[in-house]
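Descriptive structure summary
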Amino acid sequence: MKEQSFKVTGMTCSACSAAVQRTVSKMEGVSQAEVNLATETLRVSFDENNVDFGKLQAAVERAGYGLVEPQALKRAELGIEGMTCASCSSAVERALKKLDGVSEASVNLATNRAAFSYDPTKVKLAQVREAITKAGYTPLDLATEDTRDAEQEKREKALNLMRFRLITAIVFAAPILYIAMAHMFPKIGVPLPAFMNPHTFPLVFALVQLILTIPVLIAGGRFFRVGFKTLFKGSPNMDTLVAIGTGSAFLYGVYATVLIYLGDFGFAQHLYFESAAVVISLVMLGKFLEAVSKSKTSEAIKKLMNLRPQTAVIVKDGIEMTVALDEVSVGDVVLVRPGAAIPVDGTVLDGASSVDESMLTGESLPVEKQPGSPVTGGSINGEGLLHFTVTRVGEDTALSKIIHLVEEAQGRKAPIAKLADIISGYFVPAVLGVAVLAAVIWALVGKDFNFVLNIFVTVLVIACPCALGLATPTAIMVGTGKGAELGVLIKGGEALETTHSINAVVLDKTGTITQGKPELTDIVRYTAEEETSVLALTASAERGSEHPIARAIVNAAQARNLSLLEPEQFRAIPGRGIEAVVGGRRVLAGSAKLLVEHNVDISGSTADTLRLSGAGKTLMYIAIDSALYSLMAAADAVKPTSRAAVQQLKSLGLEVYMLTGDNSATAKAVAETVGIDHVLSDVLPDGKSIEVQKLQSQGKRVAMVGDGINDAPALVQADVGMAIGTGTDVAVESADVVLMRGDLSAVSAAVALSRATIRNIRQNLFWAFAYNVIGIPFAAGVFFAFGGPLLTPVFAGAAMALSSVSVVTNALRLKRFHLKDKK
């Protein structure tokens, strides 16, 4: 089962998208189809054996629309410099979506990234960059393996520059606040130098504040540069609000200073320099604290990157050489001393040791390594000396893939963020309108200019689209980062949000609940032929099979040093077994159904079948030349952690199902061992997704956990697919969540973490909305009109800075998440 997105052309309304979705959904071989009118995309899961692009295109065209060939669409990401709030990210998103040929554009404020799909025949990346630049922002190439350190250094320099400018602003703003406010508190002993007394030297009083304010404005110059730049481009943002508000206060202060110079000393009481300087300082403080907090949200990636050593010791012709990591090649032999970090992926050639893989898998216990064992770059060697052959380097290593997966996940939005995205697109223009309207209304009711200006500036300053824009992505960044630390890789916001709502978990048996490596335990013979002869024939026939029981039979024969033959003929029968010709004899090996379908009488094995299957063993029937020769049984040991993991899932309120191709008796025996109440047995590989579908049709939100190639369709069909990271690449690619540990306890960790993250996002969104819903009317004087207090720009600036910091700080609480947090 393959999942792919296509561009649909010709749609104009929801009826169009519904028509396309209905048409494609009815096609044979299509399991699911979703059409998004906003992005004009069709996302479809289909069987590649029955459906191809041509058939999909023909169906869509019959419905009256067009379908763009998937090869024409490319996926790209760019860094965006200059974004400060949700209005900024919305402006970049709108600019991208306006380009003909761009679809699925998504801009993340927390990561400063834009992800989009585009048709290179219609639009070039140069045009995309130009559109971002015209919107008032700077497009950047994303960091690669070679440039991540430089990017980190650049971010640290930017943070240091922000710190320097903030200190500069505070150094000059503090005396302004003192000068402006000291004369108002004569009784509390706050003296003001005589030469600055506003009553005797009003001009000096005004000029000192003016001179001190100018360095603050220079330090906060980016608010004015970016704010007015985006305003003139038609996409005002938070910087625009700050620039207009503080700029108005400063210009009015300059106007008042001129009038004082001309002799109107009464204006010494209405300068507003302190509002401009202190508000800018407070907003700068908020942005600095926000930047520091945001840098902490990506600590998981930093920790993963720091796992990789900068050098490696390679051995050539018996000589040890220390080389830079990028000089290591596939096939090199690397030496790892006790306590050292393993630099790249490989296979142990010589030596034995225990390796700490906790930072990659979340598994606290060291893993024993010996010749033939795989080792992963970034893990820490224990007490032994290891030589290993390099199998993967650079971007191909497991660590690099994990880093890329986490980065990609942190850049994806959750559906819960849609409301905030919609609102933020209209937020700043609406606030500008409210500020003007409030000022006009208070002017009409007879308030003086100073009061009206106070209202205008306060409304502009208190509004905070930053909190709205950061509410979701910061929580997702911290949540997915924490998941990576626990060995749970969640592929983005959508998977994170869906996981929290699941109420049923389907567990594949082999390799998920069990070890996945069964051993041959019983050989029951029904003829006089010797056991070794039957085993050798069966193992020879099974040499071409990848079925776990087949491998157990082959391994058992090899352990007895039996000579195996190459089969003259071999045919695998999916879900049944194999048929082969070995040494001129026709061998059938597989399920009871296989032998019955080939008219082999198996009635003589009934008692043995009940006995062995009742013990939880998997059976394989062997027929030679159309006669039942043997019944072989293999046991796949249950993982030691499976029972406790199942209990954890139940404690989360989840229904747990076991899915297996084994017969009912065998399946029930395993289910009873681990405490699973619901068993789906005798399920063929292509029936797994159907079983998941059945549960979904009952209204259940289903998570499917598996590790094999035949689990991939079910992983895609499920609301959330969870792949055991030790399984096949196909299963991992098909899944929404990758569990790096080989045990099921990571499933409950994923669900609990998802619930904690979504709860955190809801808290953030509530406070972000509540802050603006209450703060803006407060600043506009609504409460004052009914006898309440009147907010000043200084307090508004402090509240605005606090709102953004509080949202990010709340998200950072997720870093303290533990597996016991299951509510």
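The structure this text deals with has already been given above.
Below: a short report on this structure. Computed from a predicted model, the values in this text were never measured in an experiment.

What about the overall build of the chain?
Counting its regular elements, the chain contains 29 helices and 30 strands. Considering only contacts within the chain whose residues lie at least 6 apart along the sequence, 68% involve residues at least 24 apart.

Some points on the nonpolar core
Counting 141 residues, the largest nonpolar core has Leu96, Leu507, Met722 and Leu739 as its most contacted members. Residues in contact with Leu96, not counting those within four places in the same chain, are Val102, Ala105, Val107, Ala114, Phe116, Val128 and Ile132.

Digging into a nonpolar patch on the surface
On the surface, Val773, Ile774, Val782, Phe783 and Phe786 cluster together to form a nonpolar patch covering roughly 540 Å² of accessible area. Of all the secondary-structure elements, those providing two or more residues to the nonpolar patch are α27 (745–779) and α28 (782–785). By secondary structure assignment, the location of Ile774 is in helix α27.

Structural notes on unusual backbone geometry
Even without a glycine there, the phi angle at Asp317 is positive, about 55 degrees. At Asp682, a position not held by glycine, the phi torsion is positive, near 55 degrees. You can see Asp682 is positioned in the loop between β27 (678–680) and α24 (688–697). Look at Asp682 and you get partly exposed, because its relative accessible area is 40%.

Some remarks on the pattern of salt bridges
For the structure shown, the criterion picks out 19 salt bridges. Residue Glu529 pairs with Arg585 through a salt bridge whose shortest N-O separation is 3.1 Å. Here the residue Glu529 occupies a position in the loop between β20 (519–525) and α18 (531–542), and Arg585 occupies one in strand β23 (residues 585–590), the gap between them amounting to 56 residues. Relative accessible area serves as the criterion here: at 23%, Arg585 is assigned to the partly exposed category. Beyond isolated ion pairs, a larger network of salt bridges with shared partners links Glu529, Arg585 and Asp625.

Quick notes on the packing of helix α6 (residues 202–219) against helix α8 (residues 238–261)
Two numbers describe how α6 lies on α8: the axes approach to 10 Å, and their chain directions differ by 155 degrees. Comparing the axis directions of α6 and α8 gives the class roughly antiparallel. Like other packed secondary-structure pairs, α6 and α8 cross with a definite hand, here left-handed. Across the interface between the two elements, Pro202, Leu203, Ala206, Leu207, Leu210, Thr213, Ile214 and Leu217 from α6 touch Phe250, Val254, Thr257, Ile260 and Tyr261 from α8. Taken together, the residues that form the contact of α6 with α8 break down as 11 nonpolar, 2 polar and no charged.

A word on the environment of Val459
Within the fold, Val459 resides in helix α14 (residues 449–462). Judged by its relative accessible area of 0%, Val459 is buried. When the C-alpha atoms of Val459 and Ala780 are compared, they prove to be 5.7 Å apart, with 321 residues separating the residues in sequence. If near-sequence neighbours (up to four positions away) are discounted, Val459 is found in contact with Val431, Val434, Ala435, Ile776, Ala779 and Ala780.

A few points about the packing of aromatic side chains
Taken as a whole and judged by the stated rule, the model has 12 aromatic pairs. Residues Phe6 and Phe53 carry aromatic rings whose centres are separated by 5.8 Å and whose planes lie at 25 degrees to one another, so their mutual orientation is stacked. One end of the pair, Phe6, is in strand β1 (residues 2–9); the other, Phe53, is in helix α2 (residues 53–62), with 47 residues separating them in the sequence. With respect to class, Phe6 is no different from Phe53; both count as buried. Here the aromatic rings of Phe451 and Phe784 are separated by 5.4 Å at their centres, their planes lie at 45 degrees, and the arrangement is tilted. Taken together, the residues Phe451 in helix α14 and Phe784 in helix α28 connect sequence positions 333 residues apart. On the basis of relative accessible area, Phe784 is assigned to the partly exposed category, the value being 28%. Three or more aromatic residues joined by ring pairs make a cluster, and in this case those are Phe224, Phe228 and Phe232.

Observations regarding the pairing of strand β29 (residues 720–724)
Of all 5 residues in β29, 5 are buried; the element is thus mostly enclosed. Relative to β29, strand β28 (residues 702–706) is paired through 4 bridges, and the arrangement is parallel. Across the sheet, Met704 pairs through a bridge with Gly721, a residue of β29.

What counts, and at which threshold
Counting from 1, residues in each chain are numbered in the order their sequence is written. Where local features are concerned, this predicted model is filtered to residues with pLDDT of at least 70; where side-chain atom pairs are given and counted, the filter is 80 or more; whole-chain, interface and lining totals use all residues. The basis for every side-chain value is the complete set of non-hydrogen atoms in the structure, without hydrogens or water. The secondary structure listing takes helices from DSSP runs of H or I that are at least 4 residues long and strands from runs of E that are at least 2 residues long, numbered from the N terminus. It only takes one pair of heavy atoms within 4.5 Å for two residues to be counted as in contact. Definition of nonpolar core: a set of buried residues of the types Ala, Val, Leu, Ile, Met, Phe, Trp, Tyr and Cys, connected through side-chain atoms within 4.5 Å. Throughout, exposure labels follow a simple rule: accessible area from a 1.4 Å probe, protein chains only, divided by the maximum for the residue type, with under 20% read as buried, over 50% as exposed, and the rest as partly exposed. Patches here are clusters of residues that have more than 30% relative accessible area and form no salt bridge, with a 9 Å joining cutoff for like charges and a 5 Å cutoff for nonpolar side chains (Val, Leu, Ile, Met, Phe, Trp, Tyr). For the area figures, the Shrake-Rupley method with a 1.4 Å probe applies, and any residue is considered shielded solely by the protein chains shown. By definition here, a salt bridge exists when the distance from a side-chain nitrogen of Lys or Arg to a carboxyl oxygen of Asp or Glu is within 4 Å. Helix axes are fitted only over the stretch in contact, all axes being lines through C-alpha atoms; the angle between N-to-C directions runs from 0 to 180 degrees. Put simply, angles under 35 degrees are roughly parallel, angles over 145 are roughly antiparallel, angles from 65 to 115 are roughly perpendicular, and the rest are oblique. The sense of a crossing depends on the near helix, which, turned anticlockwise from the far helix by less than a right angle, makes the crossing left-handed and, turned clockwise, makes it right-handed. Asp, Glu, Lys and Arg are counted as charged, while Ala, Val, Leu, Ile, Met, Phe, Trp, Tyr, Cys and Pro are counted as nonpolar; the rest, among them Gly, fall into the polar class. For this analysis, a ring pair means two rings from Phe, Tyr or Trp (six-membered ring only for Trp) whose centres lie within 6.5 Å, classed as stacked if their planes differ by under 30 degrees, edge-to-face if by over 60, and tilted for the remaining angles. We treat two strands as partners when DSSP finds at least two bridges between them.

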